[in-house]
Amino acid sequence: MKRFKLKTILASILVAAFSLSVSAADIWVSPNGKDSNSGTEKKPLLTIRKALEKARELRKENQSAVKNGIQIILAEGTYDLNESIVIGPDDSGTKESPTIIRSAEGAKVVVSGGVQVTGWEQYDGNIYKASLDRDTKLRSLFVNGKRMHMAGTDVPVNGLGDWGTFEIDGDEDWAFGAGSAIDGIKFAASDIQPFSNADDVELVQFNIWTEKILCAREMEQIADTTVIKLQQPYGAIATTMAWAGKINYEKSFVIRNAFELLDSPGEFYFDRHTKTLYYYSDGEDMATAEVIAPTVEGLVEVKGKSTTDRVKNIRLEGIIFSYDHWSLMEVAGSHGLAGIQSLGLAVKYIPGGNWHTTEYNSTDVPPGTIQVENAENIECVRNRFVGISSGTAINLVNDVTDSRVEGNYFQDLLGNAVNVGHPQHYKIGDAISGESAAVQHGDLLLADAGSVINGNDNNRDDATYSYTSSNGDTYVPTYKPGDGAIYLAGIEGLCENNQIANNYLRNVSLDFRQFEGITAFFVANTKIEHNDIEWTPYGAIVCGWWWGNSEIPASTVAKNNSISFNRAGNTHQVLDDGGIIYLLGEQPGTVVEGNYIFNGPRCIYPDDGSAYLTITRNVIGNDSYKWMWLHLWTKRCHDITARENYVKNNLLMDNGTNDIIEETYAFREDEFPEVAQKVIENAGIEDEYKDIIPEEEPERISIHPKGFKERDVFH
């Protein structure tokens, strides 16, 4: 009996010790907690930031306690941020012991970047006002969970041409050379009068596949015209772009974000000078309405220091991310959004507007709600992104490897859902390190070896590098091949071995309408699979960058990607060109397989310079007699194989070189056969994640005037 008791006591001690070990690796957080608490379930911490700090301490002090990982468990409630949560290399877990930030079982957890606005009083009729303590423009507002929109013109307004001149010396850090640009746009004074706070005003225009948002600095009435002068230098960058990047100054614009335009239900305007928010009620009881103003730019930053000092083994799971803010791209104090294509935006002035010759060092992408750089084995699983105002919700932008974005729900986003990579990854791994890299990062223009520019000696072999264009002009790029303007040697890295899968996308790219639902640039071994995407203003999925007519060599970075088993359709609701699935550049080993694609132009579109692709066993359900299922429009599309695809209409274009198109089965007047039906059934979200699909389709959201969209340019 005594021996039994002793064994029982010892067993109890072991169980207790094990329980302590396990509980020590669980850190609890609650909106009702205190950061002075111990972090147990009964005494939770208040902030995620403090929980990360405690997790670092655990890893340093008690390795045995974290053998099976650390869980930061968020109790039910809303976690209001006043700045982004930053996760750095010191927060890393290991493969065997990851750090997991997740919601408690069954809990509704919201990480919010917004502030609640209260104290509403009637201003005039249905217009109410309240105080809001902030200094920056307010671009989004939510009332009782519904997105409202900036006060703007109900009918787009035609311009009357450009006004003024803005000179560029060429030595500015945002310029690739000297030149000039317009300084403003004219409108009829009968259409638009100068507004009281002109520096809040935005002008929106689209052109085929691009969109521009121009920000004003002032307005002036001159005779019978009103001139809207642009914020500079971003106005110069945006108005000097080539191709579809051009702006038509006599085409229609939506003009928005002025108190004088506040005349319709659901509109708002924030006066930064008086710190007063005005809202035109849509019938809400403003005494009880929940009004949220997004404040924080980006909610989570997972940011390593270099390719050898990454953040590793972090998972975000079961969290609702909402109400972040973004002020558009910023250059030298000016703001705007100048779309090149997809998520690629112009951020530097180029004489002539040809961004190719800069090797895309004139481009950037918007920051994400979750921004990931120099990181490995990062997982975003089963989260919900709702009411997002960033340019992209999840941005795996530089040197992100072996990571996963899976089972997430994206709804009501101003930008797109997921981005992987960066256009400046055109070349990687040939950068100059040390002091010379720092000189280049300051935008020193390299010329022939032995020359002296701005007093700096460039007598080194790598300085000789130039292109001669078809018209005979010689262009010398600012950066050595492989050394990007943003990511220097040791920091720049390829995004590879990542998986974007089983995600549900609706009402994305509501304002930044040239962004496809999921974008990827120069990436390798990336899987974009089993996603469900509908009702996008432009395309659904894009993979690749670089054009065959660019007059710069093809990038050798992208390869072995898979865009497969996705369900995508009802695209191009606003803009034209592009494809439901759109590809660019040479991507050896890349496959487009098993997708179900429907209702959109140029369903699979490998654009100029696309090569070494296999397109197979897709089903294209387009009833339109004019929309092509495959679009190879130029001889520079080469070495592409399209085999065993099932289409409603066998309408395609093949002007490519060394392409193989065979075993295409058309069913214009018949139902798809069983083999095609199986492809349709298999496409989209897999069984494990089908619970994220809502019972009913979300109501479609629009923040622009009805009919403000591109015509069918190519048909």
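Residues numbered from 1 in each chain as written. Predicted model: local features only at pLDDT ≥ 70, side-chain atom pairs only at ≥ 80, totals over all residues. Heavy atoms only, no water.

(A) Structural detail: the overall build of the chain. A count of helical and extended segments in the chain gives five helices and 59 strands. Counting all 715 residues of the chain, 60% fall into the buried class. Long-range pairs, those at least 24 residues apart, make up 76% of the contacts in the chain between residues at least 6 apart in sequence. Carbon together with sulfur atoms contributes 47% to the accessible area of the chain, which is approximately 28400 Å² in total. (Helix = DSSP H or I, 4+ residues; strand = E, 2+ residues; numbered from the N terminus. Buried < 20%, exposed > 50% of the residue type's maximum accessible area, 1.4 Å probe, protein only. Contact = heavy atoms within 4.5 Å. Areas by Shrake-Rupley, 256 points an atom, 1.4 Å probe, with all protein chains shown as cover.)

(B) Examining the sheet that holds strand E8 (residues 121-124) more closely. Sheet architecture is open: eight strands sit in the order E7-E22-E10-E11-E20-E21-E9-E8, paired in mixed fashion. Both outer strands of the open sheet, strand E7 (114-116) and E8, are each paired with one neighbouring strand and no more. Geometrically, the sheet is characterised by an average inter-axis angle of 35° between neighbouring strands, direction not taken into account. Here E8 pairs with strand E9 (residues 127-131) via three bridges, running antiparallel. Of the residues in E9, the one forming a bridge with glutamate 121 is lysine 129. (Pairing = 2+ DSSP bridges. Axes fitted to C-alpha atoms, helices over the stretch in contact; angles between N-to-C directions.)

(C) View of the packing of aromatic side chains. Scanning the entire structure with this criterion turns up 26 aromatic pairs. Centroid distance tyrosine 123 to tyrosine 278: 5.3 Å. Interplanar angle 75°. Geometry classified as edge-to-face. Here tyrosine 278 lies in strand E21 (residues 276-280) and tyrosine 123 lies in strand E8, a separation of 155 residues in the sequence. Assessed through its relative accessible area of 41%, tyrosine 123 is described here as partly exposed. (Phe/Tyr/Trp six-rings, centres within 6.5 Å; stacked < 30°, edge-to-face > 60°.)

(D) Quick peek at the environment of asparagine 650. Mapped onto the elements of the fold, asparagine 650 is located in the loop between strand E57 (638-647) and strand E58 (652-654). On the accessibility criterion, asparagine 650 (42% relative accessible area) is partly exposed. If near-sequence neighbours (up to four positions away) are discounted, asparagine 650 is found in contact with Trp629, Thr664 and Ala666. A polar contact is formed between the side chain of asparagine 650 and the side chain of tryptophan 629, at a distance of 3.2 Å. (Polar contact = N/O pair within 3.5 Å; in protein donor to acceptor, adjacent residues only side chain to side chain.)

(E) Here's a closer look at the pattern of salt bridges. Overall, the coordinates contain 40 salt bridges when judged by the stated rule. Through salt bridges that share partners, Lys137, Arg139, Glu202, Arg256 and Asp511 make up one connected network. (Salt bridge = Lys/Arg side-chain N within 4 Å of Asp/Glu carboxyl O.)

(F) Quick peek at the environment of glutamate 699. If you trace the backbone, glutamate 699 turns up in the segment after helix H5 (674-682). Sequence spacing of glutamate 699 and arginine 506 is 193 residues, and the spatial spacing of their C-alpha atoms is 9.1 Å.

(G) Quick peek at the nonpolar core. Counting 86 residues, the largest nonpolar core has Leu203, Ile255 and Tyr360 as its most contacted members. Of the residues forming this core, the biggest block, five residues, is contributed by strand E17 (residues 210-222). When near neighbours in sequence (up to four residues on either side) are disregarded, leucine 203 contacts Ile185, Phe187, Lys212, Ile213, Leu214, Ile228, Phe253, Val254 and Ile255. Listed in part, the 81 residues of the second largest apolar core include Tyr79, Val302, Ile394 and Ala540. (Core = buried A, V, L, I, M, F, W, Y, C linked by side-chain atoms within 4.5 Å.)

(H) Geometry of unusual backbone geometry. Of note, the bond from glutamine 232 into proline 233 is cis; its omega dihedral lies within 30 degrees of zero at 15°. With respect to the helices and strands, the residue proline 233 is situated in the loop between strand E18 (225-230) and helix H3 (234-238). Here the phi dihedral of histidine 530 falls at roughly 60°; this positive angle occurs in a residue that is not glycine. Positionally, histidine 530 belongs in the loop between strand E45 (527-529) and strand E46 (532-534). Here the phi dihedral of aspartate 577 falls at roughly 65°; this positive angle occurs in a residue that is not glycine. Of note, aspartate 577 is situated in the loop between strand E49 (567-569) and strand E50 (581-583). Residue class for aspartate 577 comes out buried when judged on its relative accessible area of 7%.

(I) Here's a closer look at the side chain of glutamate 406. Tracing the chain through its elements places glutamate 406 in strand E33 (residues 404-406). Side-chain polar atoms of glutamate 406 contact the side chain of asparagine 502, separated by 2.8 Å.

(J) The pairing of strand E20 (residues 267-271), seen in detail. The element E20 is extensively covered by neighbouring structure, given that five of its five residues are classed as buried. Where strand E11 (residues 146-150) lies against E20, two bridges are found, and the strand directions are parallel. The residue bridging methionine 150 from the neighbouring strand is phenylalanine 268, located in E20. Of the pairings in the sheet, the one linking E20 to E21 comprises four bridges and is antiparallel in character. Within E21, the residue paired with tyrosine 269 across the bridge is tyrosine 278. Linking E20 to E21, which pair antiparallel, is a turn of four residues; within it lysine 275 sits at a positive phi near 55°.

(K) Summary view of the side chain of serine 92. With respect to the helices, strands and loops of the structure, serine 92 is situated in the loop between strand E4 (85-87) and strand E5 (99-103). Here serine 92 falls in the buried class, since its relative accessible area comes to 15%. Here the side chain of serine 92 touches proline 89 through a polar contact of 2.9 Å, landing on its backbone oxygen. When neighbours within four sequence positions are excluded, serine 92 is seen to be in contact with Arg59, Thr99, Arg310, Val311, Lys312 and Ile314.

(L) View of the pairing of E17. The pairing of strand E16 (residues 202-207) with E17 spans six bridges and is antiparallel. Bridge pairing in E17 links phenylalanine 206 to glutamate 211. The turn joining E16 and E17, which pair antiparallel and follow one another in sequence, is formed by two residues; a positive phi near 60° is taken by isoleucine 208. Across three bridges, the pairing between E17 and strand E27 (residues 334-341) is antiparallel. Bridge pairing in E27 places isoleucine 213 opposite leucine 337. Looking at chain direction, E17 and E18 are connected through six bridges and run antiparallel. Residue glutamine 221 lies in a different strand from E18, and its bridge partner there is threonine 226. The hairpin formed by E17 and E18 contains two residues between the paired strands, and alanine 223 there has a positive phi angle of roughly 55°.

Shape descriptors only; they carry no functional weight alone.
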